[in-house]
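Spelled out, the chains give:
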Amino acid sequence: MAQDLKHHAYNEDDIDVLEGLQGVRKRPAMYIGSTNAMGLHHLVWEVVDNAVDEALSGFGELITITIHNDGSLSVQDEGRGIPTGIHKTAKVPAVELIFTTLHSGGKFSDKAYSSSAGLHGVGASVTNALSEWLDVTIYRDGVVSHIKFANGGHTVVPLEVLGKTNKHGTTVRFKPDASMFTTVDFKWDTIYNHLQESAFLLKKVRFILKDERANLSQEFYYENGLTQYVGVLNQNKEAMSPILDFEDTTSEIKMEIAVQYCSQDYNENILSYVNNIRTKDGGTHETGFRAAITRAVNDFANSNNLLKGKNNLDGSDIREGLTAIISLKIPESKLEFEGQTKGKLGTPEAANAVQNFFYTKFSYYLLENKEFSNALIKKCLDSQNARIAARKARDDARTTNKKKQDLILSDKLTPAQSKDYKNNELFIVEGDSAGGTAKAGRDRLHQAILPLRGKPLNTDSITIEQMLRNTEFATLVSTIGAGVGQNFDVSEAKYGKIIIMTDADTDGAHIQTLLLTFFYHFMRPLVTSGMVYIAVPPLYRVVKENDSRKFMYAWDDKTLEEAKSVIGSPYRINRYKGLGEMNAEQLKETTMSPGSRTLIQVSIEDPLVVEQRITVLMGKDTTVRKKWVEENVNFNYVDTFVKEVK
Ligand code: 1YM
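Okay, so let's go over this structure. (Residues numbered from 1 in each chain as written. Predicted model: local features only at pLDDT ≥ 70, side-chain atom pairs only at ≥ 80, totals over all residues. Heavy atoms only, no water.)

1. Observations regarding the overall build of the protein
A tally of regular secondary structure across the protein gives 22 helices and 24 strands. The 646 residues of the protein split such that 52% are buried. Here the analysis covers contacts within the protein between residues at least 6 apart in sequence; of these, 68% occur between residues at least 24 apart. Carbon and sulfur atoms provide 50% of the accessible area of the protein, an area that totals close to 29,700 Å². (Helix = DSSP H or I, 4+ residues; strand = E, 2+ residues; numbered from the N terminus. Buried < 20%, exposed > 50% of the residue type's maximum accessible area, 1.4 Å probe, protein only. Contact = heavy atoms within 4.5 Å. Areas by Shrake-Rupley, 256 points an atom, 1.4 Å probe, with all protein chains shown as cover.)

Written out as structure tokens, the structure is:
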């Protein structure tokens, strides 16, 4: 390395440059969010963003991403090639500047609707800073040029011409620096989902993802972008209309909105994007959309006298069963993001722009398609009735029936003593026997135990009323105490953590899925605010044969090997087939006590994946489920909507 560095003549600007990249290495999380798998993949998105921007400027529609055998990854495009000329003031090749200077996407070029601007756009220099090495090969102006950086962004092979070519484009290949990340294992699924989402939004860009490690290859290209996106989200559901796709490219703020209602669905599924970046906390564009659809439906219902003296429909009555994707292109000068993670659009003009456009288009559709409109109003009125009935039932339960409710609960629930709800935890436990053990092993102050009898009901595509007729779920609803469906108010939850604790076998995994389906459908804010967890009981206990005071727990085969060698022979291995085989002390120590347990926090990072998996796994169509289970036998679906925490 030191040898290589000598080739390069340093000046004062270089020192600044290296200090910049050094800053990234000192505090990587500040630039890429984290140093776990998510941060690792951020390195990929930065490079892909540049290739996408080039494609969106009209140069090269094909982008190929390859995971290589040596732990590196490459991104190849067919654009103009990154400029190689010497930068006037910095006096180094432009390409070198791009990979060694921290910048936001807009600094080097003036693209109007850059995807790398705004949110995460820290640029490919961050990928360079956090790589063991990074190679750039450029096909441009008839020649192939190459430059190489190593050890956190030092130029080790200055820009050189390798030969002639008639191709044009850029290939960036890099190997992440293992000392900067908790994992450097590129995940096929993560990249697959990201590229698929991008391809839905970008219509004209074609991605190919290859994995040399497993000989896999997958192409993503969706000519009817958002329409196909909604189609995938709503597959296996009963659609009430075709997918409606409205587009306006005439104004400064460009937008496309695709919507579809499904009759057996009781949730709203609204996803919004700005310049192809997900705005997960919504913002002005979503507000405008909600206002528009509420007004359009109420106006239609009123002018056709369909409400028959009833109150106007609530927004939530109208959004039940609605899937919508809102994609805006906003020029950089008007971009405003808010919130801690900058996931919320702040641009004020977006609200009116979306509201006026969607109101006009959707009102017209309602007027022209009476059969659909009438069915929609009927569905909305059903939602309104259910909402009013549920609210009344809840108010009754609060007042007159309070004693009766408490009595029902006292039969099943072992409550926590503290009234400090945020710090209380509810353990939903598989079976009465494990429930008993958990009760004895719990922290009385903060932990409550609710045992479940048998397999919970499959709540995919059933109504709130049907769900509430099930005693187990009715009990769960009153235990959590924050309502259900539209009336669910997460701030009223009596627990800060809801922890699903089942046996570590396929039955346990099935119960987890059934409970997650319930939370996803009827208490979704509990999931989105990260309050649902899965407890991870150990699989083994390794005990010293002649000294039973020496023992260790193991959660998988790897920790089992470690435990064997730490305990040393002779040892004996207990395999836990269920929670019931542990005594209270063991269960407390391994699975329940905050200091020593492992919990998996359930999150919805990729709504596309969650929706598909839930529909496939819990839906009515058994053939798709069978096929899926056959292809994915080991229940690894769990990691599509969970992330690990301690
Ligand atoms: C695999 C990653 O970075 N492609 C890429 C980047 C650029 C260009 C073309 C490009 C842009 C422009 C003009 C322009 C970049 N150029 C710059 C900068 N692929 C990848 N392909 N000519 C070429 O925007 O005007 C930054 S990125 F700053 F030089 F313009």
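Back to the write-up after that little detour.
2. A word on helix 17 (residues 506-522)
Given 3.6 residues to a turn, an α-helix orients residues that are three or four positions apart in the same direction. Over its 17 residues, helix 17 extends 24 Å from the first C-alpha to the last, a length consistent with the 24 Å expected when each residue adds 1.5 Å. Burial analysis of helix 17 places 14 of its 17 residues in the buried class, which makes it a mostly covered element. (Expected span 1.5 Å × (residues − 1).)

3. Here's the deal with helix 20 (residues 584-592)
Every buried residue of helix 20 is accounted for by Ala584, Gln586, Leu587, Thr590, Thr591 and Met592. Buried residues in helix 20, looked at end-on, bunch into an arc of 155°, giving them a common side. Regarding helix 20, its N-cap is Asn583, as a side-chain oxygen of that residue lies 3.1 Å from the backbone nitrogen of Glu585 further along. (Arc of directions from axis to C-beta. Polar contact = N/O pair within 3.5 Å; in protein donor to acceptor, adjacent residues only side chain to side chain.)

4. Describing the packing of helix 4 (residues 37-56) against helix 7 (residues 188-202)
The N-to-C vectors of helix 4 and helix 7 enclose an angle of 25°; their axes lie 12 Å apart at closest approach. Viewed along their axes, helix 4 and helix 7 adopt a mutual orientation that is roughly parallel. For the crossing formed where helix 4 meets helix 7, the hand is right-handed. From helix 4, His41, Trp45, Val48, Val52 and Leu56 reach across to helix 7, where they touch Thr190, Ile191, His194, Leu195 and Leu202. (Axes fitted to C-alpha atoms, helices over the stretch in contact; angles between N-to-C directions. Parallel < 35°, antiparallel > 145°, perpendicular 65-115°, else oblique. Left-handed = near helix turned anticlockwise from the far one by under 90°.)

5. Overview of the nonpolar core
Counting 57 residues, the largest nonpolar core has Ile63, Ile65, Leu73, Phe99, Val136, Ile191 and Phe207 as its most contacted members. It is helix 4 that contributes the most residues to this core, 9 residues altogether. When residues no more than four places from it in sequence are discounted, the contact partners of Ile63 are Ala51, Val52, Ala55, Val75, Gln76, Asp77, Val205, Arg206, Phe207 and Ile208. Core analysis: the second largest hydrophobic core is formed by 40 residues, Ala301, Leu345, Ala350 and Tyr365 among them. (Core = buried A, V, L, I, M, F, W, Y, C linked by side-chain atoms within 4.5 Å.)

6. Description of the sheet that holds strand 9 (residues 244-248)
Spatial strand order, 9-10-13-11-12: 5 strands in an open sheet with mixed pairing. The sheet terminates laterally at strand 9 and strand 12 (277-278), the two strands that pair on one side only. The pairing of strand 9 with strand 10 (residues 254-261) spans 5 bridges and is classified as antiparallel. Opposite Asp248, over in strand 10, you have Met255 as the bridge partner. Packing of helix 11 (residues 349-368) onto the sheet brings it into contact with strand 9, strand 10 and strand 13 (322-329), and relative to strand 10 it is tilted by some 45°. (Pairing = 2+ DSSP bridges.)

7. Describing the packing of helix 7 against helix 8 (residues 225-233)
Running from amino to carboxyl end, helix 7 crosses helix 8 at an angle of 135°, the nearest separation of the two axes being 6 Å. Our classification of the angle between helix 7 and helix 8 gives oblique. From helix 7, Glu197, Phe200 and Leu201 reach across to helix 8, where they touch Gly225, Leu226, Gln228, Tyr229 and Val232. Looking at the contact of helix 7 with helix 8 residue by residue, the class counts come to 5 nonpolar, 2 polar and 1 charged. (Nonpolar A, V, L, I, M, F, W, Y, C, P; charged D, E, K, R; others polar.)

8. Some remarks on the pairing of strand 3 (residues 131-140)
Of all 10 residues making up strand 3, 8 are buried, and the element is well covered by its neighbours. Two elements, strand 3 and strand 6 (residues 169-176), share 8 bridges in a ladder whose sense is antiparallel. Note on strand 6: the bridge partner recorded for Asp135 is Arg173. Hairpin remark: strand 3 followed by strand 4 (residues 143-150), antiparallel, with 2 residues in the connecting loop; positive phi at Asp141, about 55°.

9. Remarks on the environment of Glu61
Inspection of the secondary structure puts Glu61 in the loop between helix 4 and strand 1 (62-67). Taking the C-alpha atoms as reference, Glu61 lies 7.1 Å from Glu78; in sequence the two are 17 residues apart. The residues contacting Glu61, other than those within four sequence positions of it, are Ala55, Lys204, Val205 and Arg206.

10. Topic: the pattern of salt bridges
Inspection of every chain in the model, using the stated rule, returns 27 salt bridges. Among the ionic pairs, Asp135 bridges to Lys148, the shortest N-O distance being 4.0 Å. Here Asp135, found in strand 3, pairs with Lys148, found in strand 4; they are 13 residues apart in sequence, far enough to count as distant. A single salt-bridge network, built from bridges that share partners, covers Glu268, Glu286, Arg290 and Arg319. (Salt bridge = Lys/Arg side-chain N within 4 Å of Asp/Glu carboxyl O.)

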